[in-house]
Amino acid sequence: MADRKTIDVLRSAFTNRKTGVMLVFGMASGLPYALLLGTLYAWLGETGVDLETMGVFSLIGLAYAFKFLWSPLVDRGRVPFLWRLGRRRSWLVPIQALVGTVLIVLASLDPVTSLGMFSLLAGIAAFASATQDIAIDAWRVEVADEDAPLELLSSIYQLGYRLAALAGGALALIMAARIGWPLVYGLFGGFMYLAMAASWFAPDTAADEPLAGTDDAPGHGLARSVRLTVLAVVGALWGWALVTVLVFMARSLGSDAAARPDATAFIKLYGPLIVIATVVVPAVLAGILDGWRRAGRYPPAPGDAAARGFLDHAYDALIDPLSELVSRLGWASILVLAIVLTYRLTDSIWGPFALPFYLQELHYTNDEVAIASKFFGVGMTMGGIALAALLFAWIGRMPTVILGAVLAAASNLLYADLAQGGAGLDAFGRITGFTALVGQFGADPRLARLLLAIAGENLAGGIAGAAFVAYLSGITAKSHAAVQYALLSSLTVLVGSLGRAALGQMIEEGGYARVFYTTAALGLVAVVLCVIEAMRQARGGRRTAEASVG
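Here goes a summary of the coordinates provided. (Residues numbered from 1 in each chain as written. Predicted model: local features only at pLDDT ≥ 70, side-chain atom pairs only at ≥ 80, totals over all residues. Heavy atoms only, no water.)

Things to note about the side chain of Asp-133
Selection criterion: Here a strand is any run of E in DSSP of at least two residues, a helix any run of H or I of at least four, and the numbering for each starts at the N terminus. The rule is simple: take the accessible area with a 1.4 Å probe, protein chains only, and divide by the maximum for that residue type; under 20% is buried, over 50% is exposed, in between is partly exposed. We score Asp and Glu as negative and Lys and Arg as positive, and we do not count His or the chain ends. In what follows, salt bridge is the name for a side-chain nitrogen of Lys or Arg lying within 4 Å of a carboxyl oxygen of Asp or Glu. Any two residues whose heavy atoms approach within 4.5 Å are treated as being in contact.
Note that Asp-133 resides in helix 7 (residues 115–143). Buried and unpaired, Asp-133 has no salt bridge, with Lys-67 as the nearest side chain of opposite charge at 4.2 Å. Setting aside anything within four residues of it in sequence, one finds Asp-133 in contact with Ser-29, Tyr-64 and Lys-67.

Have a look at this one:
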């Protein structure tokens, strides 16, 4: 039976149009991120831009962390003249054209003589790319069906994303050494036009077609005055958060070095406040509204439905997604949020410290790290994603999610061993023959040790990444996919950013090994939470089955 399922999954992957589009969308999502938040620093460094100025460019990553703030617009807004293309295509086509155009224009600029315009365009591209991600994530949830299951689309999305990361990272470095950075960025800008062509022909729902569950949103059972009062409160909180982020980015990108605000201090202070203002408070209000609706309090007046205007549609875009999530999950929404905050914590906060660990702490060379991390590591990540797709068919979504959490936590122990000399990795390499195998390609035991650690971590990361995307996609409702997925996925980015300052201090005080043991322990929290979530979903499935039989 499992073999038959596997065959069906593979057949679907090669024959369904949605999976082909999903691969292109994954690449279109991963490429701008790699070019704007990674490879761009190599270009700036070669042109002589100082490190402090390059640090400012990292702030454009805030667009990805706070993309949920404008997700209601992407979810319900109509793009002039293009909305007839479809609910998601009408956004993807112009946004992908904008990203491609900006990359081509960047290729025509000198970062030294036109640094102000260069940074402005990079910020626009990051904002557009984050907006593209909102539409792509919603598209994946909405088009999933039996022929293109959500688990398969999630795995293919991750595969495309990693392929783009490889192209925008290692391949871009190789190409730049031969043809120069301007031509590299120009060529990748051209790829975004190809992605735009794929969007043009992608299946989609009509922009004016209501999605399942929209008309039954919990807030619709309450008086208009109540709904608009809540909208005013939540709208003010979201507006404050959006203005705060935009002002910070404008000050950072437009000021000289002496006047720039401290990014770390901003994240530490405003990060939790923004989460409280845009997630915690609205979720509490949504829970209160749902309780009032169930109790029959504040029923709508007879004329409420006919009097719907702009503010009512704003309520549908901003409040309904949160109300629907809290109403559907109930107290389990706390469990879901806890999983979102902890599942990828083990590697999301560690990422920026990887290169200093390899190069300064362990004294590997740049070439060794490039081979192990950028080529071998990416290959193992893709292998993990492919394995996740098979695991979805063999054991199901939640068992794969649990396994991903276990492996992600355990992979930190590999790095703890590496930080302490790698005795365990060396023994494993000798017993399995891995050290002898890579020795045939010129790798010494010391490099084999690094390859083993990176192999374990990236394989686990590939499985966990695909499982997490599938889990988030399954939690979100098709009627509110854009806002709910953007909100949940952004929380992961924010938590990773908030934890990095503390992690850096831990490294300074206790060394890398202590940090890896700590992150492994944090990973166990996610494992326990995922087990509880699997039990909750199993109970819900049994109740649904019993109700249908009865």
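Next, the rest of the story.
A closer look at helix 8 (residues 150–179)
Here is the rule: Note on bend: the value at a residue is the angle between axes fitted to the seven residues ending there and to the seven starting there.
Largest kink in helix 8: about 45 degrees, centred on Ala-172. Downstream of helix 8 by one or two residues, Gly-180 has phi in the positive range, about 90 degrees.

Re the pattern of salt bridges
Per the counting criterion, the structure on display carries 11 salt bridges. Linking Arg-88 and Asp-75 is a salt bridge whose minimum nitrogen-to-oxygen distance equals 2.9 Å. Here Arg-88 is found in the loop between helix 5 (71–76) and helix 6 (89–107), whereas its partner Asp-75 is found in helix 5, with 13 residues between them in sequence. For the residue pair Arg-88 and Asp-75, the accessibility class agrees, reading buried in each case. Put simply, Arg-446 and Glu-368 hold a salt bridge, and the shortest N to O gap is 3.8 Å.

Some remarks on the packing of helix 17 (residues 366–395) against helix 18 (residues 397–419)
A pair of packed helices is captured by two measures, namely the crossing angle of their axes and the spacing between those axes. Selection rule: Every axis in this analysis is a line fitted to C-alpha atoms, fitted for helices over the stretch in contact. Angles between the N-to-C directions lie between 0 and 180 degrees. These descriptions rest on fixed angle ranges, namely under 35 degrees for roughly parallel, over 145 for roughly antiparallel, 65 to 115 for roughly perpendicular, and the rest for oblique. Note: crossing handedness is left-handed where the near helix turns anticlockwise from the far helix by less than a right angle, and right-handed where it turns clockwise. Each residue receives one of three labels: charged for Asp, Glu, Lys and Arg, nonpolar for Ala, Val, Leu, Ile, Met, Phe, Trp, Tyr, Cys and Pro, and polar for the others, Gly being one of them.
Axis separation between helix 17 and helix 18 bottoms out at 7 Å; the angle between their running directions is 130 degrees. Comparing the axis directions of helix 17 and helix 18 gives the class oblique. The element helix 17 and its partner helix 18 pack so that their crossing is right-handed. Facing helix 17, whose interface residues are Ala-388, Leu-391, Phe-392 and Ile-395, helix 18 presents Arg-397, Pro-399, Thr-400 and Leu-403. Taken together, the residues that form the contact of helix 17 with helix 18 break down as six nonpolar, one polar and one charged.

Side note on the nonpolar core
Note the threshold: The definition of a nonpolar core used throughout is a set of buried Ala, Val, Leu, Ile, Met, Phe, Trp, Tyr and Cys residues joined through side-chain atoms within 4.5 Å.
Core analysis: the largest hydrophobic core is formed by 124 residues, its most contacted members being Tyr-185 and Tyr-343. Considering each element in turn, this core owes the most residues, 14 residues, to helix 7. Here Tyr-185 is in contact with Leu-35, Thr-39, Leu-40, Trp-43, Leu-103 and Ala-107, once residues within four sequence places are set aside. Counting residues in hydrophobic clusters, the runner-up holds 26 residues, among them Ala-354, Ala-372, Leu-447 and Ile-454.

Examining the side chain of Gln-484
Defined as follows: Nitrogen and oxygen atoms within 3.5 Å of one another constitute a polar contact, given that in protein one can donate a hydrogen and the other can accept it, and given that sequence-neighbouring residues count only through two side-chain atoms.
Looking at the secondary structure, you find Gln-484 in helix 22 (residues 481–510). Its relative accessible area of 3% is what places Gln-484 among the buried residues. Polar contacts involving the side chain of Gln-484 include one to the main-chain amide nitrogen of Ala-477, which spans 2.9 Å. Once residues within four sequence positions are removed from consideration, Gln-484 is found in contact with Pro-321, Glu-324, Leu-325, Arg-328, Ile-475, Thr-476 and Ala-477.

A few points about unusual backbone geometry
At Phe-81, a residue that is not glycine, the phi angle is positive and equals roughly 70 degrees. Considering the arrangement of structural elements, one finds Phe-81 in the loop between helix 5 and helix 6. Despite not being glycine, His-363 shows a phi value in the positive range, around 65 degrees. Within the fold, His-363 resides in the loop between helix 16 (354–361) and helix 17.

Observations regarding the packing of aromatic side chains
Stated formally: Any two of the Phe, Tyr and Trp rings considered here, Trp counted by its six-membered ring, make a pair once their centres fall within 6.5 Å; the pair's planes then place it as stacked at under 30 degrees, edge-to-face at over 60, or tilted in between. Either the NZ atom of lysine or the CZ atom of arginine qualifies as a charge over a ring when it sits within 6 Å of the ring centre and within 35 degrees of the ring normal.
Taken as a whole and judged by the stated rule, the model has 16 aromatic pairs. When the centroid spacing of 5.1 Å and the interplanar angle of 5 degrees are considered together, the rings of Tyr-343 and Phe-468 count as stacked. Placement of Tyr-343 in the loop between helix 14 (332–342) and helix 15 (345–348) and of Phe-468 in helix 21 (residues 445–475) is noted, with a sequence separation of 125 residues between them. For Tyr-343, a relative accessible area of 2% gives the class buried. Owing to a relative accessible area of 7%, Phe-468 belongs among the buried residues under this scheme. On the basis of an interplanar angle of 70 degrees and a centroid distance of 5.3 Å, the ring pair of Phe-357 and Phe-516 is categorised as edge-to-face. Of the two residues, Phe-357 is situated in helix 16 and Phe-516 in helix 23 (residues 512–549); the sequence distance between them amounts to 159 residues. Classification of Phe-516 by relative accessible area gives buried; the value is 1%. Residue placement shows Arg-78 over the ring face of Trp-83; its charged tip is 4.1 Å from the ring centre. Between Arg-140 and the ring centre of Tyr-485, over which it is positioned, the NZ or CZ distance is 5.0 Å.

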